[in-house]
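Commentary on secondary and tertiary structure
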There are 2 protein chains.
Amino acid sequence: MSTNHGEPYKVYLSEAEIPQQFYNVRADMATDHAPILHPGTLQPVTLADLEPIFCAELARQELNDRDRLIDIPEQVLDFYRMYRPSPLIRAYYLEKALDTPAKIFYKYEGGNTSGSHKLNSAIAQAFYAKDQGLTGLTTETGAGQWGTAMSMACVYFGLKLDVFMVKVSYEQKPYRKIIMHTYGADIYASPSNTTEVGRKMLADDPASLGSLGTAISEAVERAVTSEGRRYVLGSVLNQVLMHQSIIGLEAKAALEKLGEYPDILIGCAGGGSNLGGLMAPFMQDRLAGQRAPHFIAVEPASCPSMTRGRFAYDFCDLGQVTPLAKMYTLGHAFMPSANHAGGLRYHGMSPILSQLYHDGYLDEARAVEQTSVFEAAVTFARAEGTLPAPESAHAVRVAIDEALRCKQSGEAKTILFGLTGNGTLDLAAYSSYLDGTMSDYIPTDADLARSFQSIPRLPGIQEGFADESQG
Amino acid sequence: MSTNHGEPYKVYLSEAEIPQQFYNVRADMATDHAPILHPGTLQPVTLADLEPIFCAELARQELNDRDRLIDIPEQVLDFYRMYRPSPLIRAYYLEKALDTPAKIFYKYEGGNTSGSHKLNSAIAQAFYAKDQGLTGLTTETGAGQWGTAMSMACVYFGLKLDVFMVKVSYEQKPYRKIIMHTYGADIYASPSNTTEVGRKMLADDPASLGSLGTAISEAVERAVTSEGRRYVLGSVLNQVLMHQSIIGLEAKAALEKLGEYPDILIGCAGGGSNLGGLMAPFMQDRLAGQRAPHFIAVEPASCPSMTRGRFAYDFCDLGQVTPLAKMYTLGHAFMPSANHAGGLRYHGMSPILSQLYHDGYLDEARAVEQTSVFEAAVTFARAEGTLPAPESAHAVRVAIDEALRCKQSGEAKTILFGLTGNGTLDLAAYSSYLDGTMSDYIPTDADLARSFQSIPRLPGIQEGFADESQG
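Nothing here was measured: the structure is a model prediction, and the numbers come from that model.

1. Some points on the domain arrangement of chain A
Residue and element names in this part refer to chain A.
- We note that the domain assignment places domain 1 (10-16 + 84-115 + 241-452) and domain 2 (36-71 + 118-231) within chain A.
- Residue-level contacts link 32 residues of domain 1 with 37 residues of domain 2.
- Between domain 1 and domain 2, roughly 2,700 Å² of surface is buried when both sides are summed, and carbon and sulfur atoms account for 64% of that area.
- Area buried by domain 1 at its contact with domain 2 is led by Ser-114, His-243 and Leu-425, which between them contribute 24% of it.
- A salt bridge links Asp-426 to Lys-173, with the nearest nitrogen and oxygen atoms 3.0 Å apart.

Spelled out as structure tokens, the structure:
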């Protein structure tokens, strides 16, 4: 007898059912997020401010708070058809292993060669660059998923790509370098001596292992000092969340085919692109006052921007070359512990998600420790076959916790989570979990008080944030 | 305008359309392959000979030359539904990049976490072991795909697994060890000091880097000297080709939905499991005297069993503990050059494929050099997104060659090839190609004459093979 009682394990929409429009949740928000500010003038940024850095259409999308739906260009749809729709999978074997009455669904975005959902926004961003007549792009990457996705997208449209890769990842993840190189990108360990800001950081600390904030500063500098290039970013930005809405739109359509609607929706959150994308059409229901899931953002206890950060204006990068965004932040000088293996290392959070969380629409943020994340990852892998990326395993952890809670209460809730990527290039982290050398790290209040010092005091806008005691 | 002119890129059959029966091509062969011989008695092996080594049902399948169709057990179908049907993909962008009138289709088996088609047979073999009441299995692995697949299959059914991994791979591919460990298997670098045959090999050559033949010998010894264990093998055997027929059955059904039938069918061939599986239902057409594709087996020039080997009885392993099979072989003492990175390193070839090739039903074998294989792999990756496994890239090479031939002749042929796996854990090989340090290696006639010496002279069965000059 089959475990699935004749129901399908996987729902694949047809290629004709791929959404034709991105959904811009910002158009439906009760309170828009605070405007992002120019780092020099402290005035809300304008299109003219953004266009030297971003592709023109992406700059427009970044500032667009009115249009609910944006047509997906045909060339982008054409690429999506290579690897989308991604499957919505019922975790029958995980349910069985947990002996839970809950129904667990996951939207799996790790089936493409980049290994994650990042490709969804990468190909859109590369298209707009190509369409504008640019010759290349620059970006940064941490664990390497975004850099891989941008490499695939750029080679597809014949664009050059410089990737600044956080030095600690560059050294620990040689395979990520090679795969980006295979797709034609040039890779620099950040901080590098190829930019002004990189040379300054190396002068301050020659042994610096880098951070996303550092790498962003370098990539932006490279873009604005090169002919025909612009900068692209894989998370945090409004445009990225909008591109990633394709995840949620597909998931919702697939669930509708099954007659299902989630009671709980779970996503890991680093910069917020995956959770923002998965939740978008369900958040639309919430914002319209309709039935909606309980939304849970999951973050690492070692980089707890939503659960322990402040809702304040901060820079998006260490070098302070980017605009200021009002968001949950640990301070742009925050550096996650080197023993943190699970990604999601960004000091801030998407302004959209931050505002929704602040206003109570995003119900809950939960911080989890990495050994429990990997324990969940191994349980999931052995039951469902697929090896999760460490980032995605944060969502797996909470999905399992919620399913076990259902087991106790006897409630048959429907859980939807995002399995954003596969862990094939993260096996070193699995090894340290399996051999018992992985440890947990939770920053102390004193650690955070120090990093909060980097949150700027802005005369007339926000005062004294860096001086307040934590809490 | 879309590149695909409204046709789908990918055809996914529904889960209900997963084949319910394996196809046993042997039942339709005009001439059956020569019987496999017991290494002690030199008599055709019996079920009783095989049962101490193999699971009982698998031993029956190995000797079954009569039943055309074998029901797939429900528990195996249940697992297949987690990751099957695999997609049949039209390579629109590769066609465009090559500017060829050919239609190129590929059946992609690399979307599961094992990364290859090996999982199809692994789960069947694990099921029959569980069903027989065994507690564990033993096997060998070269590049690591088969070991990973068996690890996933064994943890699923709660079976223990010992994997003997060819030492050179064990040292070069740490990620493969970790992924098998994640799925609960125990891994030994072969030759190891945990078996008699391993200790003997180490005594003869302490620096031995191992070979598939060595690892097979160790795994068989471990199985027959342990309680409740049997040995499993991922290629070469009749049973494995039969399990892999699911690839061809799905591919044929998906092509039928598109109104297509291949003119050319291409598969890489190491032990023959992928090509045997992909070609099976099309070979059925050929054997029935109907329209059939031109079949091409692709092998590495550095391990050219079909193009330069002999059709003779030989041992399947270096330690001579396995039965003798009549097959194309380079001699069981053949060791591929250490600079060969592309898998497909086995000294022999499936007896079924060998017989079909000998009799002219399998039309052609072609040997290709590894730098041209990786050149094709990078072309494919940049056009189609997916990074091919080096093994699979052998088929990509010939598919591209055939498509370019169509461009010259103007013929719009339909090409089908097997993309058996993804290359995510083979990036070190990509790196050596990209940085120009990869070289080709073709054994000389004198090299092969030496390895042919290990082909046994069998009184009254085959004489003098080891003494003949090559040709």
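2. Regarding helix 16 (residues 390-409) of chain B
- Between its terminal C-alpha atoms helix 16 of chain B stretches 29 Å, which fits the 28 Å expected from 20 residues at 1.5 Å a residue.
- Where helix 16 of chain B ends, the next residue or the one after it, Gly-410 of chain B, has phi of about 80°, a positive value.

3. Points about unusual backbone geometry
- In the segment running from Arg-84 of chain A into Pro-85 of chain A, the intervening peptide bond is cis, with an omega of -10°.
- Relative to the helices and strands, Pro-85 of chain A is located in the loop between helix 3 (74-83) and strand 4 (88-90).
- Residue Pro-191 of chain B is reached from Ser-190 of chain B by a cis peptide bond, and omega for that bond is 5°.
- Looking at the element boundaries, Pro-191 of chain B is found in the loop between strand 8 (186-190) and helix 9 (196-204).
- Even without glycine at this site, Asp-99 of chain A takes up a positive phi of about 55°.
- Along the chain, Asp-99 of chain A turns up in the loop between helix 4 (92-98) and strand 5 (103-108).
- Relative accessible area serves as the criterion here: at 54%, Asp-99 of chain A is assigned to the exposed category.

4. Regarding the relation of the copies chain B and chain A
- After a rotation of 180° and a shift along the axis of 0.0 Å, chain B superposes on chain A with an RMSD of 0.0 Å. As the rotation angle and translation indicate, the two copies are arranged about a two-fold axis. Within chain B, Gly-111 of chain B has its C-alpha nearest the rotation axis, a separation of 3.1 Å.
- With an isologous cut-off of 70% or more, the 100% of interface residues of chain B that recur at the interface of chain A puts this contact in the isologous class.

5. Things to note about the sheet that holds strand 11 (residues 294-300) of chain A
Residue and element names in this part refer to chain A.
- Across the sheet, seven strands lie side by side as 1-4-5-15-10-11-14; this open sheet has mixed pairing. In this open sheet, the two strands that pair with only one neighbour each are strand 1 (10-11) and strand 14 (364-368).
- Relative to strand 11, strand 10 (residues 264-268) runs parallel, the two being bridged by five bridges. Across the sheet, Leu-265 pairs through a bridge with Phe-295, a residue of strand 11.
- Seen against the sheet, helix 11 (residues 238-258) touches strand 1, strand 4, strand 5 and strand 15 (414-419) and runs at an angle of roughly 140° to strand 5.

6. Structural notes on the interface of chain B and chain A
- Taken together, the contact pairs 43 residues of chain B with 44 residues of chain A.
- Summed over both sides, the interface of chain B with chain A buries roughly 4,000 Å², with 61% coming from carbon and sulfur.
- Looking at the side of chain B facing chain A, the largest losses of area belong to Met-82, Tyr-175 and Arg-382 of chain B, adding up to 17% of the total buried there.
- In this structure, the connection of chain B to chain A is made through two salt bridges.
- Between Glu-15 of chain A and Lys-10 of chain B there is a salt bridge, and its shortest N-O distance comes to 2.9 Å.
- Linking chain B with chain A are 24 residue pairs in polar contact (both at pLDDT 80 or more).

7. Observations concerning the sheet that holds strand 4 (residues 88-90) of chain B
All names here are of chain B.
- With mixed pairing, the seven strands of this open sheet are ordered in space as 1-4-5-15-10-11-14. Among the strands making up the open sheet, the edge pair consists of strand 1 (10-11) and strand 14 (364-368).
- Direction of pairing for strand 10 (residues 264-268) relative to strand 15 (residues 414-419): parallel, over a ladder of three bridges. Note on strand 15: the bridge partner recorded for Ile-266 is Phe-417.

8. Looking at the nonpolar core
- Membership of the largest hydrophobic core comes to 206 residues, with the highest contact counts inside it found for Tyr-80, Ile-266, Leu-362 and Phe-417 of chain A together with Tyr-80, Ile-266 and Phe-417 of chain B.
- If we ignore the near neighbours within four places in the chain, the residues touching Tyr-80 of chain A are Ile-18, Phe-22, Ile-72, Asn-120, Ile-123, His-243 and Ile-246 of chain A.
- Within the second largest apolar cluster, 35 residues are counted, among which are Leu-13, Phe-282, Phe-311 and Leu-362 of chain B.

9. Overview of the pattern of salt bridges
- Inspection of the entire model under this criterion finds 56 salt bridges over all chains.
- For the salt bridge of Arg-81 of chain A with Glu-74 of chain A, the shortest nitrogen-to-oxygen distance reads 3.1 Å.
- Taking relative accessible area as the criterion, Glu-74 of chain A reaches 27% and is therefore assigned partly exposed.
- When the shortest N-O distance is used, the salt bridge between Lys-413 of chain B and Glu-411 of chain B registers 4.0 Å.
- Glu-411 of chain B gets classed as partly exposed once you look at its relative accessible area, which sits at 40%.
- Residues joined in a network through salt bridges with shared partners are Arg-84, Lys-107, Glu-109 and Glu-250 of chain A.

Calculation notes
Residues numbered from 1 in each chain as written. Chains lettered and ligands numbered in written order. Predicted model: local features only at pLDDT ≥ 70, side-chain atom pairs only at ≥ 80, totals over all residues. Heavy atoms only, no water. Domains from an automatic or database assignment. Contact = heavy atoms within 4.5 Å. Buried area = accessible area lost by both parts, 1.4 Å probe. Salt bridge = Lys/Arg side-chain N within 4 Å of Asp/Glu carboxyl O. Helix = DSSP H or I, 4+ residues; strand = E, 2+ residues; numbered from the N terminus. Expected span 1.5 Å × (residues − 1). Buried < 20%, exposed > 50% of the residue type's maximum accessible area, 1.4 Å probe, protein only. Least-squares fit on C-alpha atoms with pLDDT ≥ 70 in both. Pairing = 2+ DSSP bridges. Axes fitted to C-alpha atoms, helices over the stretch in contact; angles between N-to-C directions. Polar contact = N/O pair within 3.5 Å; in protein donor to acceptor, adjacent residues only side chain to side chain. Core = buried A, V, L, I, M, F, W, Y, C linked by side-chain atoms within 4.5 Å.

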